[in-house]
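Survey of secondary and tertiary structure
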Amino acid sequence: MTVFNAPEFDSHELVSISEDKTSGLRTIIAVHSSARGPACGGLRMWPYATEAEALRDVLRLSRGMSYKNALADLPLGGGKAVIWGDPRLSKSPALFHAFGRCVERLGGLYITAEDVGTTTEDLAQVAKYTRHVTGLRTGAAPSGDPSPLTAFGTFLSIKAALKTRYGTDDPSGRRILVQGLGNVGAALCHQLHEAGASLLVSDINRERVLYAMDLFKCQGVEAGEVFQSDCDVYAPCALGATLNEETIPRLRARIVVGAANNQLASEEAGRMLFERGVLYGPDYVVNSGGIINAAAEVSGFYDERSVRTKIARIPLLLEDIFNRSATERVPTNEIADAMARARMRRNDA
Ligand code: NAD
């Protein structure tokens, strides 16, 4: 993969590639923008097929964090890190210590946190070598695992989309398909179930599907059947790029709102959804509850009540995006990107 001309590169401020042979660490830290403050975004550990795939992922995620932090009005820029490795096989304290040293070398330009494949325990190891970490369980203002708060923001976002589409935000009786029953997806299912939604659940991990089917007395959906399933809302809560030119024509849901990062395989996918009349909640708006939670720890003061109050504003932003999209006849992802870029520029000035 060439870097400068890659669409994902988008003039990143810094891309730092490091290896530590002793621990087996191979990591890429990407800082897209520090215009609003130090770049903050999670650490993903994933067994990428190639290093080009790892680079592409970290660049896309990092830019997404710039947009997410700007629209959440946080004093943070956008960055992200990946460790190329299998989280089930290759974790060790030494690996995370070595990663901590890489973060420390950047002198606070990048603040790390949890993401797919990493946990608060892993971050506790990272924190032995750098103080530029958030999402810890101990310390001056610990915010802990962000997933429950990400799920809370996603739940409120689904309600906002229901209101825009159907005139009522009540999830009861709505058929909502949650894809990915991990930390966020499972917590989201609980909230939707309590609100009376009729759940459909899907995961490549069969045990998680069976558990959820039993707990929520709901329908399981095979991974390959997600898009043709009869439902009102598709909530992607697994990995990214599930919405593409192959899946969108099969999609039966009229609303797409979920927590997964980078749901659109390309900007064009957002336009396809728009042209088919599907209401899409831009992922980095919907899933910003986690970073709003983690940002409180960075600020040095953590209070869950005020974090929830901030997250409760996500639907207002979403409704603004939905309204502008309808009035200007522009896809919601393009509206959100333009709003985020404008906020980043204001801070650059
Ligand atoms: P997780 O690793 O706990 O769960 C992911 C789940 O998705 C797992 O159960 C996995 O088996 C399943 N999965 C993977 N590929 C799948 C596929 N093709 N089909 C169906 N299921 C599949 O991750 P998480 O923390 O719950 O995060 C989920 C998504 O939300 C990720 O995209 C993450 O980047 C995003 N996100 C998470 C947070 C957070 O606070 N955890 C914040 C913002 C965004």
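Quick look at the structure, then. Position numbers for residues count from 1 along each chain, tracking the sequence in the order it is written. Owing to the predicted nature of the model, reporting of local features is limited to residues with pLDDT of at least 70; listing and counting of side-chain atom pairs is limited to 80 or more, with chain, interface and lining totals taken over all residues. Here the side-chain values reflect all heavy atoms present in the structure, with hydrogen atoms and water set aside.

**Points about the side chain of Glu 297**
Formally: Every helix listed is a DSSP run of H or I at least four residues long, and every strand listed is a run of E at least two residues long, numbered separately from the N terminus. Working definition: with a 1.4 Å probe on protein chains only, accessible area under 20% of the residue-type maximum means buried, over 50% means exposed, and in between means partly exposed. Neither His nor the chain ends contribute to the count of charged residues, in which Lys and Arg are positive and Asp and Glu negative. We define a salt bridge as a side-chain nitrogen of Lys or Arg found within 4 Å of a carboxyl oxygen belonging to Asp or Glu. Any two residues whose heavy atoms approach within 4.5 Å are treated as being in contact.
Secondary-structure assignment places Glu 297 in helix H9 (residues 289–299). Despite its burial, Glu 297 remains without a salt bridge, the nearest opposite charge being carried by Arg 137 at 9.7 Å. Ignoring sequence-local partners within four residues, the contact set of Glu 297 consists of Val 133, Thr 134, Gly 135, Leu 136, Ala 141, Pro 142, Ser 143, Gly 144 and Tyr 302.

**Observations regarding empty space enclosed by the protein**
Definition in use: Both cavities and pockets are sets of points on a 1 Å grid over the protein atoms alone; in a cavity a 1.4 Å probe fits but cannot get out, in a pocket the set is open with protein on both sides within 12 Å along at least five of seven lines, and lining residues sit with an atom within 4 Å of a point. Grid points are joined across faces, edges and corners, and a volume is the space filled by probe spheres set on the points. Lys, Arg, Asp and Glu make up the charged group, whereas Ala, Val, Leu, Ile, Met, Phe, Trp, Tyr, Cys and Pro make up the nonpolar group; the residues left over, Gly among them, are polar. Start and end positions for the domains come from either an automated domain assignment or a database one.
Within the structure shown, the criterion is met by one cavity of 30 Å³ or more. Taken as a whole, the largest cavity spans an internal volume of roughly 50 Å³. Together, Leu 61, Gly 64, Met 65, Lys 68, Asn 261, Asn 262, Asp 283 and Tyr 284 line the largest cavity. Elements with a contribution of two residues or more to the lining of the largest cavity: helix H1 (51–71) and helix H8 (283–286). Ranked by the residues each element gives to the lining of the largest cavity, the list is headed by H1, at four residues. Grouping the amino acids of the lining of the largest cavity by side-chain chemistry returns three nonpolar, three polar and two charged. Each of domain 1 (14–65 + 77–126) and domain 2 (147–287 + 315–343) contributes no fewer than three residues to the lining of the largest cavity.

**A look at the site of the ligand**
So the rule is basically this: Throughout this document, a residue counts as near a molecule or strand when at least one of its heavy atoms sits within 4 Å of that molecule or strand. Surface accessibility in these figures is a Shrake-Rupley result with a 1.4 Å probe; residues are shielded only by whichever protein chains are displayed.
Within the structure, the ligand sits among 23 residues, and Thr 150, Asp 203, Arg 208, Ala 238 and Asn 261 are positioned closest to it. Across the complex, the protein chains shield 83% of the 840 Å² of accessible surface that the ligand would expose by itself. Breaking the shell around the ligand down by element, the ones donating at least two residues are helix H4 (147–166) and helix H5 (183–194). Looking at side-chain class alone, the shell around the ligand contains nine nonpolar, nine polar and five charged residues. Counting only domains with at least three residues in the shell around the ligand, you end up with domain 1 (14–65 + 77–126) and domain 2 (147–287 + 315–343).

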